[in-house]
Amino acid sequence: MFYWVMKRIIVGPILNLLFRPWVKGLDNVPSTGAAVFVSNHLSFSDSIFLPIVVPRPVVFLAKSEYFTGKGIKGRLTALFFRLSNQLPMDRSGGAASSSSLSAGMDILNKGGILGIYPEGTRSPDGRLYRGKTGVAKLVLATGVPVVPVAMIGTDKVQPIGRRIPNIRRVGVIIGEPLDFSRYEGLEDDRFVQRSVTDEIMYELMRLSGQEYVDAYASTVKERLAAEKAAGRKSPKPGADTRRAAVRISTDAGAPAPGAVTEIGGAAGVRKPGVADDGQTAENGRPQAG
């Protein structure tokens, strides 16, 4: 009830009036049945704007820190997140993360829509970073379709560290559902998990037009934090992974986000983590030989 009141009566109308979100591909949202919505993650507000434009309820896996705050503010924040259809996601790995994914699996088993950010955290610089395989484990275990979603401009509305948003338009591009039923019975194969994750990230790169970096965003953030603590001047986030980046062509006449047909240079299209012979390396990079 709280979710629908916020969406239809309080928050939704205000955000639609101020930010005028545009959406492309709304017909790709399944009218019934379970699905996993995978999205790039540019801003805290991604989890607000996506549910606004999608007619069905979307339950997001949000970082567990939002649910463990202390004091009145912390308790109110946790209450808001729970009432707005968000579940705590432990990102520390191991058994804790597996337990969080089980909560997401319950949503899918009930026929709901689950929202996940494969990067695991917000992008530190607007680029698309390597996906974590948790989403693949969930998809392969349940057999539900994956709907890729590209959030456009939310990093300009609410950059990291900014509490009061800038008033400007945002966009949502919803891609065609991805079917991974061909991997049925291989949900425990780590190479298959990486292959599925890379295919998802490739589609997000294609829809969003972001530059792809073959490194985890969390690793880049940790390095930047360490450099800041040490008092060193930090280079542009992700500068050490520039060679691993793939950029959508920006030549004159290039297709707009959502209709990209060329990745990189004349060497042709290559999906993140996929070698020329179609093999996928465990570390996400093309295998040698």
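About the thresholds
Residues numbered from 1 in each chain as written. Predicted model: local features only at pLDDT ≥ 70, side-chain atom pairs only at ≥ 80, totals over all residues. Heavy atoms only, no water. Helix = DSSP H or I, 4+ residues; strand = E, 2+ residues; numbered from the N terminus. Buried < 20%, exposed > 50% of the residue type's maximum accessible area, 1.4 Å probe, protein only. Contact = heavy atoms within 4.5 Å. Areas by Shrake-Rupley, 256 points an atom, 1.4 Å probe, with all protein chains shown as cover. Pairing = 2+ DSSP bridges. Axes fitted to C-alpha atoms, helices over the stretch in contact; angles between N-to-C directions. Parallel < 35°, antiparallel > 145°, perpendicular 65-115°, else oblique. Nonpolar A, V, L, I, M, F, W, Y, C, P; charged D, E, K, R; others polar. Phe/Tyr/Trp six-rings, centres within 6.5 Å; stacked < 30°, edge-to-face > 60°. Lys NZ or Arg CZ within 6 Å of the ring centre and 35° of its normal. Patch = residues over 30% accessible without salt bridge, like charges linked within 9 Å, V, L, I, M, F, W, Y side chains within 5 Å. Salt bridge = Lys/Arg side-chain N within 4 Å of Asp/Glu carboxyl O. Polar contact = N/O pair within 3.5 Å; in protein donor to acceptor, adjacent residues only side chain to side chain.

## Regarding the overall build of the chain
Alright, step 1. A tally of helices and strands in the chain yields 8 helices and 10 strands.
Alright, step 2. Scored against the burial criterion, the 289 residues of the chain give a buried share of 47%.
Alright, step 3. Summarising the internal contacts of the chain: among those between residues at least 6 apart in sequence, 75% fall at separations of at least 24.
Alright, step 4. Surface summary for the chain: the accessible area is close to 14,600 Å², and the carbon and sulfur share equals 55%.

## Description of the pairing of strand β2 (residues 35-39)
Alright, step 1. Buried residues dominate β2, accounting for 5 of its 5 residues.
Alright, step 2. Taking every second residue as pointing to the same face, both faces of β2 are buried, with A35, F37 and S39 on one and V36 and V38 on the other.
Alright, step 3. Sheet topology note: the β2/strand β5 (residues 113-116) ladder contains 4 bridges and is parallel. In the sheet register, F37 faces β5, and the bridge partner there is G115.
Alright, step 4. By the bridge criterion, 4 bridges tie β2 to strand β7 (residues 146-152) in an arrangement that is parallel.

## Focus on the packing of helix α5 (residues 134-142) against helix α7 (residues 190-208)
Alright, step 1. Their axes nearest at 8 Å, the elements α5 and α7 cross at an angle of 105°. With respect to α7, the axis of α5 lies roughly perpendicular. Judged by residue contacts, V135, A136, K137 and L140 of α5 engage V192, Q193, V196, T197 and I200 from α7.
Alright, step 2. Among the residues making up the contact of α5 with α7, the classes are represented as 6 nonpolar, 2 polar and 1 charged.

## Comments concerning the packing of aromatic side chains
Alright, step 1. According to the stated counting rule, one finds 3 aromatic pairs in the structure shown.
Alright, step 2. Ring geometry for Y3 versus W4: centroids 5.5 Å apart, planes at 90°, classification edge-to-face.
Alright, step 3. Residue classification places Y3 among the buried positions, given a relative accessible area of 8%.
Alright, step 4. Taking the centre distance of 5.2 Å and the plane angle of 80° together, the rings of F19 and F49 count as edge-to-face. Of this pair, F19 sits in helix α1 (residues 2-19) while F49 sits in helix α2 (residues 46-53); the two residues are 30 residues apart in sequence, bridging distant segments of the chain. The pair F19 / F49 is uniform in exposure class, with both members buried.
Alright, step 5. The ring of Y216 carries K132 above its face, with NZ or CZ at 5.9 Å from the centroid.

## Remarks on a nonpolar patch on the surface
Alright, step 1. Residues F2, I72, L76, L79, F80 and L83 make up a contiguous nonpolar surface patch of about 550 Å² in total accessible area.
Alright, step 2. Here the nonpolar patch gets 5 residues from one element, more than from any other, and that element is helix α3 (residues 71-83).
Alright, step 3. Relative to the helices and strands, I72 is located in helix α3.
Alright, step 4. Look at I72 and you get exposed, because its relative accessible area is 60%.

## Focus: the side chain of E199
Alright, step 1. Topologically, E199 is positioned in helix α7.
Alright, step 2. In terms of polar contacts, E199 uses its side chain to reach the side chain of R182, at 2.7 Å.

Interpretation in functional terms is not warranted from these geometric data alone.
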